[in-house]
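Structural overview
Residue-level listing of the chains:
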Amino acid sequence: MSDLQVAMQLNHVPADPSGPTGPIGPAKPMGPFVPGGSGDFASTPAEKKAAANTIETELEPDTKKATEHADADTGTAQKGFEGWETAAGLKKVADTWDQQVRSLMGRLAVEKTALRGASGMFANNDHGIGSQFLTTPSKLHGISPNGN
């Protein structure tokens, strides 16, 4: 899946191939809520679940594979430059890369968990507010129609 497709799936951004391009591909003017936002404040539980599943089944495994590939290639290059300053530079780059990947993987895990929990939180909030209306008696409760 391309970066643009993932961004569209995760951010619910419709593609506009004729529009200006950004770092992930074509961009479309967004709505009034947040700069870059879609203007659609809500997303369905199914969309949240799909985004969380994309993180779990595509982004996390693909990031792990890319990291392993980069680590292997950098390790080979380090060995090839053994005894040169270039090897030390490659080690520093590899260490920085690994730290950034750990940070990214942690962020993906947090976002996945948040997406999966968000639907439940909204539903619980709605039910809680609804039950307040049902359990709070009206000030008119108990007043007889004839004013007594």
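Note that the structure is a prediction, hence the values are computed from the model and not measured.

Attention now moves to the overall build of the chain. Looking only at helices and strands, the chain has three helices and two strands in total. Start at the N end of the chain and walk to the C end: the helices and strands fall as α-β-β-α-α. Counted over contacts in the chain with a minimum sequence separation of 6, partners at least 24 positions apart contribute 53%. When the accessible area of the chain is evaluated, it comes to approximately 11,100 Å², of which 62% is carbon and sulfur surface.

On to the pattern of salt bridges. Using the criterion set out here, one finds five salt bridges in the structure. For Lys-64, the salt bridge identified is with Glu-68, shortest N-O distance 2.9 Å. Residue Lys-64 and its partner Glu-68 are both found in helix 2 (residues 45-80); the two are separated by four residues, about one turn of the helix. The partly exposed category is assigned to Glu-68, whose relative accessible area is 44%.

Mapped onto the fold, Lys-112 is located in helix 3 (residues 85-135). Residues within four places of Lys-112 in sequence aside, it is in contact with Ala-52, Ile-55, Glu-56 and Glu-60.

Okay, helix 2 next. For helix 2, spanning 36 residues, the distance from its first C-alpha to its last is 51 Å, which sits close to the expected 52 Å at 1.5 Å a residue. Bending of helix 2 peaks at approximately 35 degrees at the position of Ile-55.

Overall, the predicted model of the chain reaches an average pLDDT of 76, with 59% of residues at or above 70. The weakest mean pLDDT in the chain belongs to strand 1 (residues 21-22) at 46; the strongest belongs to helix 2 at 93. Of the regions scoring below 50 in pLDDT, residues 13-25 engages in 20 contacts with residues more than four places distant in sequence or in other chains.

In this structure, Thr-63 sits in helix 2. Taking relative accessible area as the criterion, Thr-63 reaches 18% and is therefore assigned buried. There is a polar contact of 2.6 Å between the side chain of Thr-63 and the backbone oxygen of Leu-59. With sequence-adjacent residues up to four places away left out, Thr-63 is seen in contact with Val-101, Leu-104, Met-105 and Leu-108.

Calculation criteria
- Residues numbered from 1 in each chain as written.
- Predicted model: local features only at pLDDT ≥ 70, side-chain atom pairs only at ≥ 80, totals over all residues.
- Heavy atoms only, no water.
- Helix = DSSP H or I, 4+ residues; strand = E, 2+ residues; numbered from the N terminus.
- Contact = heavy atoms within 4.5 Å.
- Areas by Shrake-Rupley, 256 points an atom, 1.4 Å probe, with all protein chains shown as cover.
- Salt bridge = Lys/Arg side-chain N within 4 Å of Asp/Glu carboxyl O.
- Buried < 20%, exposed > 50% of the residue type's maximum accessible area, 1.4 Å probe, protein only.
- Expected span 1.5 Å × (residues − 1).
- Bend = angle between axes of the 7 residues up to and from the residue.
- pLDDT = per-residue confidence, 0-100.
- Polar contact = N/O pair within 3.5 Å; in protein donor to acceptor, adjacent residues only side chain to side chain.

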